[in-house]
Amino acid sequence: QESFTLKLGHASTTESTRHKALLVFKDYVEKESSGRLTIEIYPAGTLGNEGDMIEAMKLGTLEMFVGGVFASQTPMLEIYLMPFFFPTQADLMKVSHSELGKRIMASAEQYGIKMLAVGDGGSRQITNNVRPIKTPADMKGLKLRTPPIESIIKAMEALGASAVSIPYGDTYMALKTNVADGQENPLANIGDMKFFEVQKYMTMIDYQFHPEPIDIGLDMWNKLPADLQKILEAGAWIYTDEQNKLRRELNDYYYDMIVKGGVQVYKPTQAEVAQFAKACEPVYGYFVKKGIFTQADLDEMRKIVNTK
């Protein structure tokens, strides 16, 4: 029986929830396949930035990838990123396991990617060095580092900030040297990457929940026997469950780390959050008009989230 070695790249550190959950994925896959599948994990961008790794996966020089730059995996992932859409992680996972979620994953195949599962990549908070952010008016004029994700850029622009595209691994230095005034990320990333050391203010706003896709190159996937494909798919959902659990458990840990690091935290009222959400409403229409997804897709997602 043929055996396969799958290199898996990601941009997070070895202390991240992503890496810890990937170790669980590796153990499961290697055990269940009786060693016919070997997973080699390359963390912290050792194989390049996220865009580089996605392209390498499409070309077949890297087998697997976990991370962002969603439009390069499939533009339909952007539907998860609509601002102020998901109240909780559980709401995102309802969509991930739905028929809509399956269609989103399947849409990656036309780009040379087999998407095995989609979990929670974290809800995002905003930090900066200039002033506390309590209303959209406080965002005006701020230079905020963003990943090259259009929904984030559009949301920041809708709120009056200017988006500065800087690779994830270069963000700490950009904040330290004032190339950017601030950034937006989940608590785990802000803690893991030590951004709190070079930021003064944080607004707990949960303005986006990001998906967390785990991918394999489609050509590689098609080379695998059916039994190994099933093991990889099962392992991918185990990864997702483990990462989701770690994120929930560690949010308080990272929040305390950030506060102890000297960052002033502001938690907006419901009325203030509503102001931010209203300011971001044009982002939805922009993506529908662009044809990334339809209004019917949005309505379907809203119905899934609202179903108890």
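Engineer: Is there a simple way to explain the packing of aromatic side chains in this structure?
Structural biologist: By convention here, two paired aromatic rings are described through the distance between centres and the angle between planes. In the structure shown here, the tally under the stated rule is eight aromatic pairs. Ring centres 6.5 Å apart and planes at 55 degrees place the aromatic pair Phe-84 and Tyr-207 in the tilted group. With Phe-84 in the loop between strand 3 (64-66) and helix 3 (89-96) and Tyr-207 in the loop between strand 9 (201-203) and strand 10 (209-217), the pair connects residues that are 123 residues apart, well separated along the chain. Under the relative-accessibility criterion, Tyr-207 is labelled buried at 1%. These aromatic residues form a ring-pair network of at least three members: Tyr-80, Phe-85, Phe-86 and Tyr-284. Above the face of the Tyr-286 ring, Lys-154 is positioned so that its terminal group lies 4.4 Å from the ring centre.

Engineer: How do you make sense of the pairing of strand 2 (residues 37-42) when you look at a structure like this?
Structural biologist: Looking along a regular strand, one sees the side chains alternate between the two faces of the sheet. Along strand 2, the buried face is formed by Leu-37, Ile-39 and Ile-41; none of Thr-38, Glu-40 and Tyr-42, which line the opposite face, is buried. With six bridges connecting them, strand 1 (residues 4-9) and strand 2 associate as parallel partners. Within the sheet, the bridge partner assigned to Phe-4 lies in strand 2 and is Leu-37. A crossover connection joins strand 1 to the parallel strand 2 through helix 1 (residues 17-32); in handedness this β-α-β unit is right-handed.

Engineer: Whenever I open this one, helix 4 (residues 99-106) confuses me. Can you help?
Structural biologist: Structurally, the α-helix is built with 3.6 residues per turn, so residues lying three or four positions apart point the same way. Those residues of helix 4 not exposed but buried are Leu-100, Gly-101, Ile-104 and Met-105. All buried residues of helix 4 fall inside an arc of 140 degrees around its axis, so they share one side. If you follow the buried residues of helix 4, they end up packed against helix 3, strand 4 (113-123), helix 9 (226-260) and helix 12 (295-306). If you check the start of helix 4, you find a side-chain oxygen 3.3 Å away from the backbone N of Leu-100, and it comes from Ser-98.

Engineer: Would you mind showing me how to read the packing of helix 3 against helix 9 here?
Structural biologist: One way to put it is that helix 3 packs onto helix 9 with a least axis distance of 12 Å and a crossing angle of 170 degrees. It follows that helix 3 is roughly antiparallel to helix 9 by the angle criterion. Viewed along their axes, helix 3 and helix 9 form a crossing whose handedness is right-handed. Contact residues: helix 3 offers Gln-89, Met-93 and Ser-96, while helix 9 offers Trp-237, Thr-240, Asn-244, Arg-247 and Arg-248. Looking at the contact of helix 3 with helix 9 residue by residue, the class counts come to two nonpolar, four polar and two charged.

Engineer: Could you clarify how one ought to interpret unusual backbone geometry in this entry?
Structural biologist: Trans peptide bonds make up most of the peptide bonds, and negative phi angles are found at most residues other than glycine. Positive phi values are uncommon outside glycine, yet Ala-44 reaches one of about 60 degrees. Here Ala-44 is to be found in the loop between strand 2 and helix 2 (50-59). Owing to a relative accessible area of 47%, Ala-44 belongs among the partly exposed residues under this scheme. Phi at Phe-84 is positive, roughly 60 degrees, even though this residue is not glycine.

Engineer: Please explain the side chain of Glu-63 as it appears in this structure.
Structural biologist: By the secondary structure assignment, Glu-63 is in the loop between helix 2 and strand 3. At a separation of 2.8 Å, a polar atom in the side chain of Glu-63 contacts the main-chain amide nitrogen of Lys-7.

Engineer: Got a minute to help me understand the nonpolar core in this structure?
Structural biologist: In globular proteins that are soluble, nonpolar side chains generally tend to be buried together. Formed by 72 residues in total, the largest nonpolar core has its most connected members in Tyr-80, Phe-86, Met-139 and Met-156. Judged by nonpolar contacts, the second largest core, of 26 residues, contains Leu-6, Leu-8, Val-29 and Met-64.

Rules of the game
- Residues numbered from 1 in each chain as written.
- Predicted model: local features only at pLDDT ≥ 70, side-chain atom pairs only at ≥ 80, totals over all residues.
- Heavy atoms only, no water.
- Phe/Tyr/Trp six-rings, centres within 6.5 Å; stacked < 30°, edge-to-face > 60°.
- Helix = DSSP H or I, 4+ residues; strand = E, 2+ residues; numbered from the N terminus.
- Buried < 20%, exposed > 50% of the residue type's maximum accessible area, 1.4 Å probe, protein only.
- Lys NZ or Arg CZ within 6 Å of the ring centre and 35° of its normal.
- Pairing = 2+ DSSP bridges.
- Right-handed = clockwise from strand over helix to strand, strands pointing away.
- Arc of directions from axis to C-beta.
- Contact = heavy atoms within 4.5 Å.
- Polar contact = N/O pair within 3.5 Å; in protein donor to acceptor, adjacent residues only side chain to side chain.
- Axes fitted to C-alpha atoms, helices over the stretch in contact; angles between N-to-C directions.
- Parallel < 35°, antiparallel > 145°, perpendicular 65-115°, else oblique.
- Left-handed = near helix turned anticlockwise from the far one by under 90°.
- Nonpolar A, V, L, I, M, F, W, Y, C, P; charged D, E, K, R; others polar.
- Core = buried A, V, L, I, M, F, W, Y, C linked by side-chain atoms within 4.5 Å.

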